[in-house]
Amino acid sequence: MTRLRYASSADLVAHLQPVPVNCVQGDGTAPGGELSYQRGHIKVSHQVAQAISEGLAVIVIHGVDHDGTPGYSGPPSDLAPSLPTEATDPALCGVISN
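Throughout this description, residue numbers start from 1 for each chain and increase along the sequence as written. Only residues with pLDDT of at least 70 are given local features in this predicted model, and only at 80 or more are side-chain atom pairs given and counted; all residues enter the totals for whole chains, interfaces and linings. Side-chain metrics in this entry use all non-hydrogen atoms of the structure; hydrogen atoms and water are not considered.

The next subject is the overall build of the chain. Segments assigned H or I by DSSP are reported as helices when at least four residues long, segments assigned E as strands when at least two residues long, and all are numbered from the N terminus. When its secondary structure is counted, the chain shows three helices and four strands. Put simply, the chain runs from its N terminus to its C terminus through helices and strands in the order α-β-β-α-β-α-β. The buried share among the 98 residues of the chain stands at 14%. Residue contacts are counted whenever heavy atoms from the two residues lie within 4.5 Å of one another. A separation of at least 24 residues holds for 54% of the contacts in the chain among residues at least 6 apart in sequence. Accessible surface area values rest on a Shrake-Rupley calculation with a 1.4 Å probe, where residue burial reflects the displayed protein chains alone. Of the roughly 8000 Å² that the chain leaves accessible, carbon and sulfur atoms contribute 58%. Three exposure classes are used, based on accessible area relative to the maximum for each residue type with a 1.4 Å probe and protein chains only: buried under 20%, partly exposed in between, and exposed over 50%.

Right, dumping it as structure tokens:
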């Protein structure tokens, strides 16, 4: 039997630069919190815009329900110890291109 291994935030941190833009609005990481999404424009610095145009920018979406229980669970996250691992484990990532 093959054991599945999930990527954690710690697996990515060594390969990523500091996060210059946070796209979360609301308190989506708080227990019972709400998260909103709205299409529109996000203002970024010249440096971030240049990274996007050069294909050097990535987006990472966090939050994976590994065990199917309501809400996020698991041991403390290595990224944000006040949150369970499921809340900060990377779900999707990819290069941003214009």
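There is a patch of nonpolar side chains on the surface, built from I59, I61 and L92 and spanning about 270 Å² of accessible area. Considering the arrangement of structural elements, one finds I61 in strand 3 (residues 57-62). The exposure class of I61 is partly exposed, given its relative accessible area of 41%. Candidate patch residues must exceed 30% relative accessible area and have no salt bridge, after which like charges are joined if within 9 Å and Val, Leu, Ile, Met, Phe, Trp or Tyr side chains if within 5 Å. Each reported salt bridge corresponds to a side-chain nitrogen of Lys or Arg within 4 Å of a carboxyl oxygen of Asp or Glu.

This brings us to the side chain of E86. If you trace the backbone, E86 turns up in helix 3 (residues 85-88). According to the relative accessible area criterion, E86 is buried, its value standing at 3%. Polar contacts, as counted here, are pairs of nitrogen or oxygen atoms within 3.5 Å of one another; within protein the pair requires one atom able to donate a hydrogen and one able to accept it, and residues that are adjacent in sequence qualify only if both atoms are side-chain atoms. Polar contacts involving the side chain of E86 include one to the main-chain amide nitrogen of S73, which spans 2.8 Å. Every residue in contact with E86, bar those within four places of it in the chain, is listed here: G63, V64, D65, H66, D67, G71, Y72 and S73.

Glancing now at the environment of S45. When you line up the elements, S45 lands in the loop between strand 2 (35-36) and helix 2 (46-53). Take S45: its relative accessible area is 40%, and that puts it in the partly exposed class. S45 sits 24 residues away from V21 along the chain, and the two C-alpha atoms are 8.9 Å apart.

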